[in-house]
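Read off the chains here:
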Number of protein chains: 2
Amino acid sequence: MARPGVPSRPRAAGSAGHDTKRALVDAAIVTLKSRGFNGASARTIAGEAGVNQALVFYYFGSVAELLLAALDAVSASRLERYSAGLEAVTDPASLISLAAEVFREDMSSGDISVLAEMVAGSSSNPELGVEVAKRIAPWKEFAGVAIESGFAASSLGPLLSGSEAPHVAVALYLGLEMLSHLEGDRSAAMSMFERLARLAPFLNALSAAPTPALEGDTP
Amino acid sequence: MARPGVPSRPRAAGSAGHDTKRALVDAAIVTLKSRGFNGASARTIAGEAGVNQALVFYYFGSVAELLLAALDAVSASRLERYSAGLEAVTDPASLISLAAEVFREDMSSGDISVLAEMVAGSSSNPELGVEVAKRIAPWKEFAGVAIESGFAASSLGPLLSGSEAPHVAVALYLGLEMLSHLEGDRSAAMSMFERLARLAPFLNALSAAPTPALEGDTP
DNA sequence: GTCTATACTTGGATAGAC
DNA sequence: GTCTATCCAAGTATAGAC
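These figures come from a predicted structure and were not determined experimentally. (Residues numbered from 1 in each chain as written. Chains lettered and ligands numbered in written order. Predicted model: local features only at pLDDT ≥ 70, side-chain atom pairs only at ≥ 80, totals over all residues. Heavy atoms only, no water.)

With that settled, the discussion passes to the overall build of chain A. For chain A, the helix and strand inventory stands at ten helices and zero strands. When its helices and strands are written in sequence order, chain A yields α-α-α-α-α-α-α-α-α-α. Counting all 219 residues of chain A, 48% fall into the buried class. Across chain A, every contact between residues at least 6 apart in sequence was considered, and the portion connecting residues at least 24 apart equals 69%. Put simply, chain A shows about 10500 Å² of open surface, and 57% of that area lies on carbon and sulfur atoms. (Helix = DSSP H or I, 4+ residues; strand = E, 2+ residues; numbered from the N terminus. Buried < 20%, exposed > 50% of the residue type's maximum accessible area, 1.4 Å probe, protein only. Contact = heavy atoms within 4.5 Å. Areas by Shrake-Rupley, 256 points an atom, 1.4 Å probe, with all protein chains shown as cover.)

Attention shifts here to the packing of aromatic side chains. All names here are of chain B. Counting across every chain of the model gives eleven aromatic pairs over all chains. Relative to Tyr-173, the ring of Phe-103 has its centre 5.2 Å away and its plane inclined at 75°; by these criteria the two rings are edge-to-face. You can see Phe-103 sitting in helix α5 (residues 92-109) and its partner Tyr-173 sitting in helix α9 (residues 165-183), a full 70 residues away along the chain. Here Phe-103 and Tyr-173 have matching classes, each one buried. (Phe/Tyr/Trp six-rings, centres within 6.5 Å; stacked < 30°, edge-to-face > 60°.)

Next up on the list: the nonpolar core. In this structure, Phe-103, Met-118 and Val-132 of chain A together with Phe-103, Met-118 and Val-132 of chain B are the most contacted members of the largest nonpolar core, which totals 137 residues. Examining the composition of this core, we find that eleven residues originate from one element, α9 of chain B, more than from any other. (Core = buried A, V, L, I, M, F, W, Y, C linked by side-chain atoms within 4.5 Å.)

Now for the packing of α5 of chain B against helix α10 (residues 187-205) of chain B. Residue and element names in this part refer to chain B. Where α5 contacts α10, the two axes come as close as 8 Å, and the packing angle between them is 170°. Comparing their axes, α10 and α5 come out roughly antiparallel. Considering only the axes of α5 and α10, their crossing is left-handed. Of the residues in α10, those in contact with Pro-92, Ala-93, Ile-96, Ala-99, Ala-100, Phe-103 and Arg-104 of α5 are Ala-189, Met-190, Phe-193, Leu-196, Ala-197, Ala-200, Leu-203 and Asn-204. Of the residues contributing to the contact of α5 with α10, the split by class is 13 nonpolar, one polar and one charged. (Axes fitted to C-alpha atoms, helices over the stretch in contact; angles between N-to-C directions. Parallel < 35°, antiparallel > 145°, perpendicular 65-115°, else oblique. Left-handed = near helix turned anticlockwise from the far one by under 90°. Nonpolar A, V, L, I, M, F, W, Y, C, P; charged D, E, K, R; others polar.)

As a further point, take the pattern of salt bridges. Under the criterion given, the structure shown has 24 salt bridges over all chains. The closest approach of N and O atoms between Arg-135 of chain B and Asp-72 of chain B, which form a salt bridge, is 2.8 Å. Pair noted here: Arg-135 of chain B is in helix α7 (residues 126-151) and Asp-72 of chain B is in helix α4 (residues 63-86), with a separation of 63 residues, a long-range link. Because the salt bridges share partners, they merge into one network encompassing Lys-33, Arg-78, Arg-81, Glu-101, Glu-105, Asp-106 and Asp-111 of chain A. (Salt bridge = Lys/Arg side-chain N within 4 Å of Asp/Glu carboxyl O.)

Okay, the relation of the copies chain B and chain A next. Placing chain B over chain A gives an RMSD of 0.0 Å and needs a rotation angle of 180°, together with 0.0 Å of translation along the axis. Expressed as an axis order, the relation between the two copies is that of a two-fold axis. Mapped onto chain A, 100% of the interface residues of chain B again fall at the interface, so both copies present the same surface. (Least-squares fit on C-alpha atoms with pLDDT ≥ 70 in both.)

Our next topic: the protein's contact with DNA strand C. Surveying the vicinity of DNA strand C reveals 17 residues, the closest of which are Thr-20, Asn-52, Tyr-58 and Tyr-59 of chain A together with Ala-42 of chain B. When atoms of DNA strand C within 4 Å of the protein are split into backbone and base, the sugar-phosphate part holds 54%. Take Asn-52 of chain A: an N or O atom from its main chain is 2.9 Å from a phosphate oxygen of DNA strand C. When residues of the surface near DNA strand C are traced back to their parent elements, those giving at least two are α3 (54-60) of chain A together with α2 (42-49) and α3 (54-60) of chain B. Looking at which element gives the most residues to the surface near DNA strand C, the answer is α3 of chain A, with four residues. A class-by-class count of the residues in the surface near DNA strand C yields ten nonpolar, five polar and two charged. (Near = heavy atom within 4 Å. Polar contact = N/O pair within 3.5 Å; in protein donor to acceptor, adjacent residues only side chain to side chain.)

Taken together, the contacts link 51 residues of chain B with 51 residues of chain A. When residues of chain B are sorted by the area they lose upon contact with chain A, His-167, Leu-182 and Arg-195 of chain B head the list and together hold 17% of the total. If you look at where chain B meets chain A, you find four salt bridges. In this structure, the salt-bridge partner of Arg-195 of chain A is Glu-164 of chain B, at a minimum N-O distance of 3.5 Å. Our enumeration of links across chain B and chain A arrives at 15 residue pairs in polar contact (both at pLDDT 80 or more). At the level of elements, α1 (20-39), α6 (111-121), α7, α8 (157-160), α9 and α10 of chain B are the ones that each hand at least two residues to the side of chain B that touches chain A. Here the side of chain B that touches chain A gets 14 residues from one element, more than from any other, and that element is α9 of chain B. Here the side of chain B that touches chain A is composed, by residue class, of 26 nonpolar, 17 polar and eight charged. (Buried area = accessible area lost by both parts, 1.4 Å probe.)

Below, the structure written as structure tokens:
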């Protein structure tokens with residue numbers, strides 16, 4: 001149908017509306033969510049996208065590159081949403097509130113599982129692992145900023161600032177997703193946030209009352 | 001060499017000292033640690049054990065069954081060690097001390113990664129996931145007992161007892177392993193325990209001083 | 001840009017010799 | 001009980017037609 005001499009803009013007709021490369025990225029995300037890293041082959045992804053398997057290699061060179069592009073897409077959209085919520089974080093209670101909200105969203109959408117699957121799948125593949133690690137760094141940075149915003153005025157601040165707290169937060173995020181996915185039950189993870197929410201007033205109260213026992217070993 | 005009519009006790013000679021079935025389980029553990037779930041095929045495991053690939057199916061029926069047997073073996077040895085350390089747990093400080101010690105051991109030995117790989121690998125395979133979930137239950141039970149022992153006398157007890165705390169503990173354990181493995185750096189995880197250890201005296205002090213803000217919503 | 005066809009590799013699993 | 005040989009399915013990747 002396309003006249004010769006008109007190179008770009010593929011797939012003018014039909015359903016997707018955007019080009020094949022984007023369709024493959026979207027299909028990779030869907031496939032990672034539904035069938036995991038092991039199930040995300042060139043064939044299954046291309047099938048999900050409704051295109052031929054060879055196009056994975058035409059556009060991305062390898063399956064791993066496509067999966068990384070999928071991770072990039074999810075990370076970008078999630079971090080954008082996180083950043084929007086960050087402005088409301090001024091104390092521990094609001095931090096917990098934001099964390100609970102984005103976690104629930106990520107569980108429902110399956111977006112965390114894309115990250116978790118890539119982390120898990122990288123264990124067999126060091127080269128892929130390096131690339132995944134690079135893409136986790138922004139999540140840790142975000143966690144660090146969020147924690148700092150939430151605990152800046154708290155006496156717990158010195159205990160958390162500039163420390164390994166972001167690392168632990170991301171690890172917990174990943175672990176909760178994997179365990180919830182395994183057991184097919186996210187209630188335990190969600191009730192953790194409810195517990196924290198009930199603890200929030202107590203944490204907020206610490207903002208004014210310094211606790212000597214917690215200080216003295218952080219420069 | 002073996003006379004006919006003497007059926008059992010295979011592999012009398014040689015290095016391993018125990019039979020092939022056990023050798024395959026050990027090789028499966030080694031392979032899960034070094035090459036991950038994806039790399040743990042019948043061929044690679046059998047190669048590690050120095051036996052033929054067909055024996056995986058002769059003894060276990062499928063690769064998945066062998067991997068579950070490997071997980072069972074690791075779980076049994078680790079839970080035995082945990083239980084031994086549990087007797088010394090009487091307050092938050094000793095609980096933190098035990099947690100740090102066993103976590104460091106598990107990281108060094110790679111035993112956690114066996115669990116983490118199986119959890120991660122199960123995401124593509126619901127049937128396997130059910131079996132893995134069954135084998136995680138004892139870890140959660142252990143975590144629950146340990147937390148209860150450590151916080152029984154503390155005012156934080158009501159906040160933790162009978163709750164989702166064991167689930168969160170196991171999730172954090174898994175997440176820290178996966179992230180440390182991915183980044184090739186366990187220092188962040190270990191320094192988290194150092195932080196907690198410094199916090200321990202403060203937590204112990206809470207054992208006598210009840211905190212009204214934390215009570216009232218737990219039956 | 002997209003497809004068909006194909007080469008090559010790896011992996012699960014079984015049959016049958018020894 | 002262990003091995004060789006083999007089958008079959010699935011996956012990566014490339015070549016070339018359209």
